[in-house]
Every structure is written in structure tokens, then in C-alpha cells.
Amino acid sequence: MTSVSGGPPHPGPWQTAKVTGIHQETPTAKTFTLALPQPCSFWAGQHFVVRLTAPDGYRAQRSYSIASPPSDSAELDLTVEVLQGGEVSGFLNEAVEVGDVLDVRGPIGGDFAWDLRPALGVGGGSGIVPLMSMLRHARTLGRPDLFRLVVSVRRPEELYYSAEVPGVDTSVVFTRAVPDGHVRPPGRLMARDLTTALDGDREVYVCGSTAFCDAATELVAAAGVPTDRIRVERFGFSG
Ligand SMILES: Cc1cc2nc3c(=O)[nH]c(=O)nc-3n(C[C@H](O)[C@H](O)[C@H](O)COP(=O)(O)OP(=O)(O)OC[C@H]3O[C@@H](n4cnc5c(N)ncnc54)[C@H](O)[C@@H]3O)c2cc1C
């Protein structure tokens, strides 16, 4: 189990991880369970780099956040959304099978690592991944009060970890289509979606596409959270 003292762990050397499980998370994303040669300490919010090497020696590497909570096990989960034309996400989603091995290095990331102070996570689409590690960690500790999650997705089938997310500590904003019985009409994330979750004094972790992060950060700052208490992890383009 991770501790809040001493700062988040630094990355170790490259290692060879075995894929021990693959779960279709949404129509466009898969969760890969990787077994590392040795147990690895990490803080929720950190990520690993996955490196692919082609037969001709060409290499490509990309960052993927850890979705599972810190634990003493040598296994961790990465969830990868396939992007159209995406070199690494495409290979991982279409070619990798259980039993394959992958070169990985981690854990990486200091500023976005969660130190267990009360926090709110605001995620858009795949930006939920590192926040899910935080949510799972808080729940595993029996301290659901430590972490709140607000996640924005376009439609119900695009919600990652859909069986696990619902709870008193979470809320889901659907921007295009809502599930039956959902009270909030579809629409973009608004200030009032964050008000209840921003109870008390919380650090805020924002994650998703660049466009999502910019919009969500503006809302959080407008809600009165000082900018030095807002941490942002941008996954890349607007998608
Ligand atoms: C710290 C960090 C953590 C990340 N964690 C995750 C994670 O948990 N899950 C996950 O799925 N991704 C995550 N990403 C994004 C990931 O690293 C890759 O950028 C993504 O998988 C695309 O790589 P690719 O090789 O498939 O695409 P590329 O071959 O690099 O690009 C293919 C096409 O997609 C566009 N594109 C590239 N990146 C993105 C993007 N992020 N969003 C939208 N369009 C893009 C490019 O412009 C291009 O048109 C993370 C990124 C960072 C920096």
C-alpha cells in the first residue's frame, strides 16, 4: 500500500510485463492487466510508458495512466482508447493478446500523483483512467469521503468502468445522450455539476483532452478553487 510520505515513487528501469487479462471497457477502449516481474509501488495518478518495437527496430512509446489502485501485487491495469490512425493505441487494441509481453517503464508523474488529501477528480472520456485509480484507492481504504469523481462522457456506452463508477462519491455528466431515468438533460459540463462535489476543502485533479482540461479548469477556478490547487493532466488533442 502506498504512503503519503516521501513523495511519489520514481520510475525504475524498463521491464517486460506479461499481459494477463484484456477487458473490452467500451466499444473503443480496452483495459490491459499487466503482470510485472516484481511488485511495483506507485501512487494513484501516476502513469507508465509502453514501448513497442517493430521487427525492423523502429520504436514508438506512449504514456498510459494506471487505472488500478496502489497495491502490493505485481499486477496493474492500463486502459487504452483506440484513436483513429493511432500508432500505439491501435496496435494495443487490435493486435495484443493475453500472454503477450510488453516493454514498460514507470511509475512516472509527480504533480498528478494523489497524496491522499481530500480531492475532487474531474475527467473527460479516457481522462477518467488515473482518477479511477484514485477512486478505487479511496474506496479500498474505506474512505470514500477522500475522493469525489465527476466524469463527463458523450453517451452511456462510452463510460469506462460503468459497473463500478456509480456511487455516492461520483456523478456522471452525459453530453449527448443520457441513460433511461437520468434526471440531468444532456449537455456540457457546467459549474453546477461541480458544486456538490466541491464540498469542503479539496485539491482538484482534472484529466482528459486538452479542450476538456481547459474548459473544466476554467469552471473549477470560477467555483473559487485557487489555481495552485488545480492539477491538470492533458492526454493530448481535442479528440
Ligand atoms: C501522462 C499521459 C497519460 C495518458 N494516459 C492515457 C490513458 O490512460 N489512456 C489513453 O487512452 N491515453 C492516454 N494518454 C494518451 C496516449 O499517451 C497517446 O497519446 C494516445 O494513445 C495516442 O497515441 P497513438 O500512438 O495511438 O496515436 P498517434 O499515432 O500518436 O496519433 C494518431 C492520431 O491521433 C491524434 N492524437 C494523438 N494523441 C491523441 C489524444 N490523446 N487524443 C486525441 N487524439 C490524439 C493525432 O493527432 C493523430 O491524428 C496519455 C497521455 C499522457 C501524456
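This section reports on the structure supplied with the text. Computed from a prediction, not measured in an experiment: that's the story for all the values here.

## Some points on the environment of Ser65
Position of Ser65 among the secondary structure elements: in strand β4 (residues 59-65). A relative accessible area of 5% means that Ser65 is categorised as buried. The spatial distance from the C-alpha of Ser65 to the C-alpha of Gly181 is 32 Å, given a sequence separation of 116 residues. With near-sequence residues (within four places) excluded, Ser65 lies in contact with Gln46, His47, Asp77, Leu78, Thr79, Val129, Pro130 and Phe235.

## Thoughts on the site of the ligand
In the vicinity of the ligand lie 21 residues, with Arg62, Ser63, Tyr64, Ser89 and Phe235 positioned nearest. One of the backbone nitrogen or oxygen atoms of Glu87 is found 2.9 Å away from an oxygen atom of the ligand. A distance of 2.7 Å separates a nitrogen atom of the ligand from a polar atom in the backbone of Phe235. Expressed as a share of its isolated accessible area of 900 Å², the protein-covered part of the ligand is 76%. Contributions of two or more residues to the shell around the ligand are made by β4, β5 (75-81), α1 (87-95) and β11 (230-236). Here the shell around the ligand is composed, by residue class, of 7 nonpolar, 9 polar and 5 charged. Each of two domains, domain 1 (15-108) and domain 2 (119-234), supplies a minimum of three residues to the shell around the ligand.

How each quantity is defined
- Residues numbered from 1 in each chain as written.
- Predicted model: local features only at pLDDT ≥ 70, side-chain atom pairs only at ≥ 80, totals over all residues.
- Heavy atoms only, no water.
- Helix = DSSP H or I, 4+ residues; strand = E, 2+ residues; numbered from the N terminus.
- Buried < 20%, exposed > 50% of the residue type's maximum accessible area, 1.4 Å probe, protein only.
- Contact = heavy atoms within 4.5 Å.
- Near = heavy atom within 4 Å.
- Polar contact = N/O pair within 3.5 Å; in protein donor to acceptor, adjacent residues only side chain to side chain.
- Areas by Shrake-Rupley, 256 points an atom, 1.4 Å probe, with all protein chains shown as cover.
- Nonpolar A, V, L, I, M, F, W, Y, C, P; charged D, E, K, R; others polar.
- Domains from an automatic or database assignment.

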